[in-house]
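Structural description and commentary
Residue-level listing of the chains:
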Number of protein chains: 2
Amino acid sequence: MKVTTPVKHVLVEDHFWKKYKQIVANEVIPYQWKALNDELPNTEPSHAIENFRIAAGESNGEFYGTVFQDSDVAKWLETVAYSLRDNPNPELEKKADEVISLLGRSQAADGYLNTYYLLKEPNNRWTNLRDNHELYCAGHFIEAAVAYNETTGKNEFLSIMEKYVHLIDQVFGTEEGKIKGYPGHEEIELALVKLFDVTQNEKYLRLAQYFINQRGQEPIYFREEAEKRKKIDTASTWNDEKNINFGLGFEYQQAHQPVREQKEAVGHAVRAVYLYIAMADLAAKTGDSSLKETCEILWDDVVKNKMYITAGIGSAVNGEAFTCNHDLPNDSMYCETCASVGLAFWANRMLRLDANRKYADVLERAIYNGTLSGMDLDGKRFFYVNPLEVNPFQHVRKDQQHVKVERQKWFFCACCPPNLARMIASVEDNIYTQTDDTLYTHLYVAGKVETTLSGKKIEITQSHQYPWDGDIALTVNTGEPAHFNLALRIPGWCQNAVVKVNGQLISLDRLEKGYLIIERVWQQGDSVSLHLDMQVKRMRSHPLVSMNQGQSALQRGPIVYCIEEVDNGANLAGLRLPKESEITSQFKEDVLNGVVILTADGYRVAPSNELYSSEQMELVPQKITAVPYYAWCNRGTGEMRVWIYES
Amino acid sequence: MKVTTPVKHVLVEDHFWKKYKQIVANEVIPYQWKALNDELPNTEPSHAIENFRIAAGESNGEFYGTVFQDSDVAKWLETVAYSLRDNPNPELEKKADEVISLLGRSQAADGYLNTYYLLKEPNNRWTNLRDNHELYCAGHFIEAAVAYNETTGKNEFLSIMEKYVHLIDQVFGTEEGKIKGYPGHEEIELALVKLFDVTQNEKYLRLAQYFINQRGQEPIYFREEAEKRKKIDTASTWNDEKNINFGLGFEYQQAHQPVREQKEAVGHAVRAVYLYIAMADLAAKTGDSSLKETCEILWDDVVKNKMYITAGIGSAVNGEAFTCNHDLPNDSMYCETCASVGLAFWANRMLRLDANRKYADVLERAIYNGTLSGMDLDGKRFFYVNPLEVNPFQHVRKDQQHVKVERQKWFFCACCPPNLARMIASVEDNIYTQTDDTLYTHLYVAGKVETTLSGKKIEITQSHQYPWDGDIALTVNTGEPAHFNLALRIPGWCQNAVVKVNGQLISLDRLEKGYLIIERVWQQGDSVSLHLDMQVKRMRSHPLVSMNQGQSALQRGPIVYCIEEVDNGANLAGLRLPKESEITSQFKEDVLNGVVILTADGYRVAPSNELYSSEQMELVPQKITAVPYYAWCNRGTGEMRVWIYES
Ligand SMILES: [Zn+2]
Ligand SMILES: [Zn+2]
């Protein structure tokens, strides 16, 4: 198994991502800080920090919030850690240090750290892994601790979490006397691999392996746990009602069978991708080929059968879950922001397992489309659910009340905004991976990377106006000449690429899994130019996707477009885009913070007086204007659709 | 207001409808009789007859069933009454007489007759009009009693019901001491008009008017009733939970405002159309122009904004209700058989109010499509929900579990099968209406009508192979020459009609609201020939119906077609019907009991390896075969769709 490893020192100087990273630093982090501290007017209190104060004995009161309220604090700390990488901010770091110190003071003597159980049910730790998110919260804190250690070099947070993990390791396992359980919401597995990465302590890897291997083994742990729970004094949860697991059985938690036997992506989409991330991580760390193969099968199932063109996943609100192949309704789906963020993270891990363009293509599709759509351009409002079609009747349909037609302020249950924030704050972690002698460039994000290749320190810069422009320049800085491979991804969406090294054409005849491998002895100042043709593509769906037939979606480079009422008038379903119409691209500085918009000559079906008619349709010429999907609903509410009827 | 009146003596000798009437007589009525008497193996007991035996003191035991269980008995009696018209069956009539006699014995001394309240809550009569269907059941018994009296001339049933209505009239009204309530499920209003028709007792008309006028007046009765109910000892109902009226408010029962202020069809679709029937009836009887105008506004709202091409209504399972304009999903709708049956009955009443083709066009659309689809060709299995599109993933979607992919045996809650049965058994009531001197022919159903026109006894026969063939022959039998008008509907779907009287062409230049009025002194044996061109129409939807764009539905004469997997292979959404393809019609004796099938040269999109692709689609030539929608799913289960993608 030829795996690649992450590259640490990457600085983003990209006009597109830098803007988003600044929004996270300047808007999202301070806003969430206020939320965590109940300082937002007219908003339901979070109580998340206060819960820790009470647990530390420094405040009076009772626990308040969801069972996973702690994880909001964890995600904030993780985002802060990434943001501090290239945005030093002593004041913010001090706040973070104080929170970490508070975590330490609220930790139980044996290492346990979860305010819900510490305050509400001190005798019932680990009695409802199915629903109560203890291990999930632990996982988020571990991720945050690792990130904070990596950015700041400080150890306090990591020590707190290692102490907690030590306890978890004593509690869970197949050995006599241990609980044979695993999390109802996966997360700690992937976090433990990160903890191993930073500590090199094999115990953490073994614990992750245990959670992965035990999942779905008969007898199913959650069934036994539910029986046991009847004998203790504990509150019943949302999932104790009639329709357990939303009628999805243990598929809801991907616990219906051992993970290596799972051939189809099922259940809650966020849970699923978090599991798959850990599986890919373990396959890469341990060389477990059965896990790798399972990951590949599940990947193909998601990407070939269950993924929206925006990289949205989760076709149904019921269980926020995957449904069956090709069931991709555009107006009633879930497509949670978190799920696309998780898909991006999964793609990132698959790329480490196997530097194959197909993973980078989905990674890129996710970060430029179905994740970013979850936030407005100011970082102030958020979508949890990301529809691909909003009709005039959308907001009054009772069965689609989960689909909001405009972004909402920070929610009480705030999973998506901080998840998106940490993805943006760490976007640089997706650009490169490497082996000893090869640097893979998966994404084109302007900036600088420093790493060691073939034993030599190398710096490479990318500069360009991606994703709006496909002309990319790379410059190699190397003190002395260095022999290494530069592997450049030729994106799957690009049929026409031109690569030159110091002005000399390089043949693209032999790509390795979609990457052009340029092997040479690089000299200081060597330049690589890459031209990726960004002709607008009319994307069409597989014929089994019944809802998208007769329609095309416009894509330019990695950007999926949509049409909005504000540009095209009402009744977007009445527009027709002729197959032969030329589509014009134009960068507009003043539109949506600067985007390429698309225009084409099309038609509008003239409204008739009848609901059904055999009369010839009257087509009225109309210019059709499309804007990037991620930026929809930034100019008021209205209709939107990604799939445009053709004529 | 120029109203027309029903014509009584109509004999059906139509190959299409005679077959269905025989199925009702030979299959549905005996089967339902067994159901009512708990004689079906492996089926949940109905207990409906047994409830009456217990109420009569002739059996021991307890009430069992829904609060509207009685209505199953009523609908059976009503269907029997219609069926006996032209299918004399002494044995069946004896059974009916015995049931009627049992009803009489179970009736309370004061006339009250409802087994749920008699047996379960004797002290709580009229305390939950919102949910408990007392007046609804009474309405169905009144309809049955009227029908039974009209067919058999017997009075017992009618007397029982008049006694009950006398009690209801004493209980309800605006006068001091009376309950100012009205039914939660409309039905008794239209039944009272029928009772007036057969008795000419104005009291019944006034009671119907009271129920109609009181509906939706402030303070809303159901709100006050719910408050009062808190103080009595009564069981809570499905509708006492959090989501009262499915979140639809009093729109669910069309009680949100006085009926004359209602401008949009809202709420439970069956309730709605039953209300509108009574409103149209009262408008016709009393000349109430405000009611007539409201009916016209509501009609246009349904037909221009909320009706499927099959005449299905009710776009959402939530509340089995109307939603907003143009919200017509094909795979998740409700389209209850009962609702389309009710729409047909409403059209029938609108035609009496105003002999306008637009009503007859919908009547015809309903009886040949969205109602009949509710029963298989053998009368043994039934759809409650009538989808227009079934995809491979349909049956596993949790949010669409109300949509069955094959017809089911008689259900425990058996509203649709008997409703459809009574529609079929009385289909002749829809063919004609008349004034003193004009006979309107609304439907082309072969057979004989006897009536009096301009004071003369006239008999007219229709003979043809409608709906498969558009050549219709009418023959006038009149003892002596008679001066009257024959008004023939030229269907809205027909652009090319030719009418001859005794071989002589009649101009169609002047139609009166879609009817050709032939005024002459008719002689014995005069013949009228009517040729209705049945060229296949490609129907398209209004551009606001987002889900149907780029697709056409095939219609020939009144028959709406669909494509099925059994004829076309799997993945029907992958088929393409070119706009210019010729569509061939062919009568096939051996297919689906004899139907015209349609074939056309089309294409199939070749499946690609990718979910989304910008490659040119590969189109493989394929013959496309369409069959009548009403007959779908009679040759095994599989995909089906009405709307076919065009190319
Ligand atoms: Zn989320
Ligand atoms: Zn029904």
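Bear in mind that the values here come from a model prediction, so they are computed numbers and not experimental data. (Residues numbered from 1 in each chain as written. Chains lettered and ligands numbered in written order. Predicted model: local features only at pLDDT ≥ 70, side-chain atom pairs only at ≥ 80, totals over all residues. Heavy atoms only, no water.)

1. Some details on the overall build of chain A
Across its full length, chain A carries 16 helices and 23 strands. Compactness check: chain A gives a C-alpha radius of gyration of 25 Å against a globular reference of 26 Å for 647 residues, within 12% of the reference. Dimensions along the principal axes, computed over C-alpha positions, put chain A at roughly 75 × 70 × 50 Å. Taking all 647 residues of chain A together, 62% fall into the buried category. For chain A, the proportion of contacts with a sequence separation of at least 24, taken over those separated by at least 6, is 71%. Summed over all atoms, the accessible surface of chain A reaches about 23100 Å², with 46% contributed by carbon and sulfur. Between the averaged position of the 68 positive side-chain charges in chain A and that of its 88 negative side-chain charges there is a distance of 1 Å. (Helix = DSSP H or I, 4+ residues; strand = E, 2+ residues; numbered from the N terminus. Rg over C-alpha atoms; globule rule 2.2 N^0.38 Å. Buried < 20%, exposed > 50% of the residue type's maximum accessible area, 1.4 Å probe, protein only. Contact = heavy atoms within 4.5 Å. Areas by Shrake-Rupley, 256 points an atom, 1.4 Å probe, with all protein chains shown as cover. Lys, Arg positive; Asp, Glu negative; His and termini not counted. Charge placed at Lys NZ, Arg CZ, Asp CG, Glu CD.)

2. Digging into the relation of the copies chain A and chain B
The transform that puts chain A on chain B rotates by 180 degrees and translates by 0.0 Å along the axis, for an RMSD of 0.0 Å. Put plainly, the chains are arranged around a two-fold axis. Closest to the rotation axis within chain A is the C-alpha of G550 of chain A, separated from it by 3.0 Å. Mapped onto chain B, 100% of the interface residues of chain A are again interface residues, and the two copies thus contact each other with one and the same surface. (Least-squares fit on C-alpha atoms with pLDDT ≥ 70 in both.)

3. Quick notes on the coordination of the zinc ion (ligand 1)
All names here are of chain A. Distances from the zinc ion (ligand 1) to its protein donors, E336 (OE), C338 (SG), C415 (SG) and C416 (SG), fall at 2.1 to 2.3 Å. Linear spacing of the donor residues for the zinc ion (ligand 1) on their chain is E-x1-C-x76-C-C. Note that C338 is positioned in helix α13 (residues 337–353) and C416 in helix α15 (residues 416–425), a separation of 78 residues in sequence. In terms of burial, C338 and C416 fall into one category: buried. (Donors = N, O, S within 2.8 Å, 3.2 Å for Na, K, Ca; no water.)

4. Focus: the pattern of salt bridges
Going through the model one piece at a time under the given rule, you end up with 76 salt bridges over all chains. Where R422 of chain A meets E78 of chain A, a salt bridge forms, and the shortest distance between an N and an O atom there is 2.9 Å. Of this pair, R422 of chain A sits in helix α15 while E78 of chain A sits in helix α3 (residues 70–86), and the two are 344 residues apart along the sequence. Of the two residues, R422 of chain A and E78 of chain A, neither departs from the other in class, the shared state being buried. Between R215 of chain B and E189 of chain B there is a salt bridge, with the nearest N and O atoms lying 3.9 Å from each other. Placement of R215 of chain B in the loop between α9 (202–214) and α10 (221–229) and of E189 of chain B in helix α8 (residues 188–199) is noted, with a sequence separation of 26 residues between them. Each member of the pair, R215 of chain B together with E189 of chain B, is buried. (Salt bridge = Lys/Arg side-chain N within 4 Å of Asp/Glu carboxyl O.)

5. Some details on the UniProt feature "domain: Non-reducing end beta-L-arabinofuranosidase-like GH127 middle" (unreviewed entry) in chain A
On the UniProt side, "domain: Non-reducing end beta-L-arabinofuranosidase-like GH127 middle" (unreviewed entry) is annotated at positions that read residues 438–534 of chain A here. Along residues 438–534 of chain A the backbone is 0% helical and 59% strand, and the end-to-end C-alpha distance reaches 27 Å. (UniProt positions renumbered as here; feature names shortened; annotations may be inferred.)

6. Remarks on the coordination of the zinc ion (ligand 2)
All names here are of chain B. Around the zinc ion (ligand 2), the protein supplies E336 (OE), C338 (SG), C415 (SG) and C416 (SG) as donor atoms, at distances of 2.0 to 2.3 Å. Seen from the zinc ion (ligand 2), its four donor atoms lie at angles of 94 to 116 degrees, and the figure they make is tetrahedral. On the primary sequence, the residues serving as donors to the zinc ion (ligand 2) are separated as E-x1-C-x76-C-C. (Tetrahedral: all angles 85-135°; square planar, octahedral: opposite > 155°, others 65-115°.)

7. Points about the packing of α13 of chain A against helix α14 (residues 357–370) of chain A
Residue and element names in this part refer to chain A. Between α13 and α14, whose axes approach to 8 Å, the crossing angle comes to 155 degrees. It follows that α13 is roughly antiparallel to α14 by the angle criterion. Taken as a pair, α13 and α14 cross one another with a handedness that is left-handed. Here α13 contributes T337, S340, L343, A344, A347, M350 and L351 to the contact with α14, which in turn contributes Y359, A360, V362, L363, A366, I367 and G370. (Axes fitted to C-alpha atoms, helices over the stretch in contact; angles between N-to-C directions. Parallel < 35°, antiparallel > 145°, perpendicular 65-115°, else oblique. Left-handed = near helix turned anticlockwise from the far one by under 90°.)

8. With respect to the pairing of strand β19 (residues 595–605) of chain A
Residues and elements named next belong to chain A. Burial analysis of β19 places nine of its 11 residues in the buried class, which makes it a mostly covered element. Two elements, strand β17 (residues 575–576) and β19, share two bridges in a ladder whose sense is antiparallel. Counted as the bridge partner of R576 is Y603 from β19. Note that β19 and strand β21 (residues 619–628) share eight bridges and pair antiparallel. Of the residues in β21, the one forming a bridge with D601 is K623. (Pairing = 2+ DSSP bridges.)

9. Points about the interface of chain A and chain B
Contacts between chain A and chain B engage 59 residues on the former and 59 residues on the latter. The contact between chain A and chain B buries some 4600 Å² in all, and 57% of this surface belongs to carbon and sulfur atoms. On the chain A side of the interface with chain B, the three residues burying the most area are R540, L611 and Y612 of chain A, jointly 18% of the side's total. Linking chain A to chain B there are two salt bridges. (Buried area = accessible area lost by both parts, 1.4 Å probe.)

10. A closer look at the environment of F484 of chain B
Residue and element names in this part refer to chain B. Among the secondary structure elements, F484 is positioned in strand β9 (residues 482–489). Classification of F484 as buried rests on a relative accessible area of 1%. It is 37 Å that separates the C-alpha atoms of F484 and Y630, two residues lying 146 residues apart in sequence. Other than its neighbours up to four places away in sequence, F484 contacts D437, L453, S454, I458, I460, V476, I518, E519, R520 and W522.

11. As for the pairing of strand β14 (residues 537–541) of chain A
Residue and element names in this part refer to chain A. The buried fraction of β14 is high, at five of five residues. Going residue by residue along β14, you find K537, M539 and S541 tucked away on one face and R538 and R540 tucked away on the opposite face as well. Relative to strand β15 (residues 551–556), β14 runs antiparallel, the two being bridged by three bridges. Pairing of R538 across the sheet is with L554, part of β15.

12. Concerning the sheet that holds strand β11 (residues 504–506) of chain A
All names here are of chain A. The antiparallel open sheet is built from seven strands, whose spatial order is β2-β6-β7-β8-β13-β10-β11. Single-partner strands in this sheet number two, and they are β2 (9–12) and β11. Strand after strand, the sheet turns through a mean of 20 degrees between neighbouring axes, direction not considered.

13. Structural notes on the sheet that holds strand β12 (residues 515–522) of chain B
All names here are of chain B. Here we have five strands laid out as an open sheet, ordered β1-β4-β5-β9-β12, and mixed in their pairing. The two strands at the open ends of the sheet, each matched to only one other strand, are β1 (5–6) and β12. Here strand β4 (residues 432–434) pairs with strand β5 (residues 438–441) via three bridges, running antiparallel. Bridge pairing links T433 to Y440 in β5.

14. Details of the packing of aromatic side chains
Tallied over the full model, the rule gives 70 aromatic pairs over all chains. Centre to centre, the rings of F222 of chain B and F250 of chain B are 6.3 Å apart; their planes meet at 35 degrees, and the pair counts as tilted. Of this pair, F222 of chain B sits in helix α10 while F250 of chain B sits in the loop between α10 and α11 (269–286), and the two are 28 residues apart along the sequence. A residue is classified by how much of its surface remains accessible, and F222 of chain B, at 1% relative accessible area, is buried. Given the relative accessible area of 17%, F250 of chain B is considered buried. Measuring from centroid to centroid gives 5.5 Å for Y440 of chain B and Y515 of chain B, while their planes differ by 85 degrees, and the two rings are edge-to-face. Here the residue Y440 of chain B occupies a position in strand β5, and Y515 of chain B occupies one in strand β12, the gap between them amounting to 75 residues. Y515 of chain B carries the same exposure label as Y440 of chain B, and that label is buried. In this structure, R520 of chain A packs its charged tip against the face of W522 of chain A, placed 5.3 Å from the ring centre. (Phe/Tyr/Trp six-rings, centres within 6.5 Å; stacked < 30°, edge-to-face > 60°. Lys NZ or Arg CZ within 6 Å of the ring centre and 35° of its normal.)

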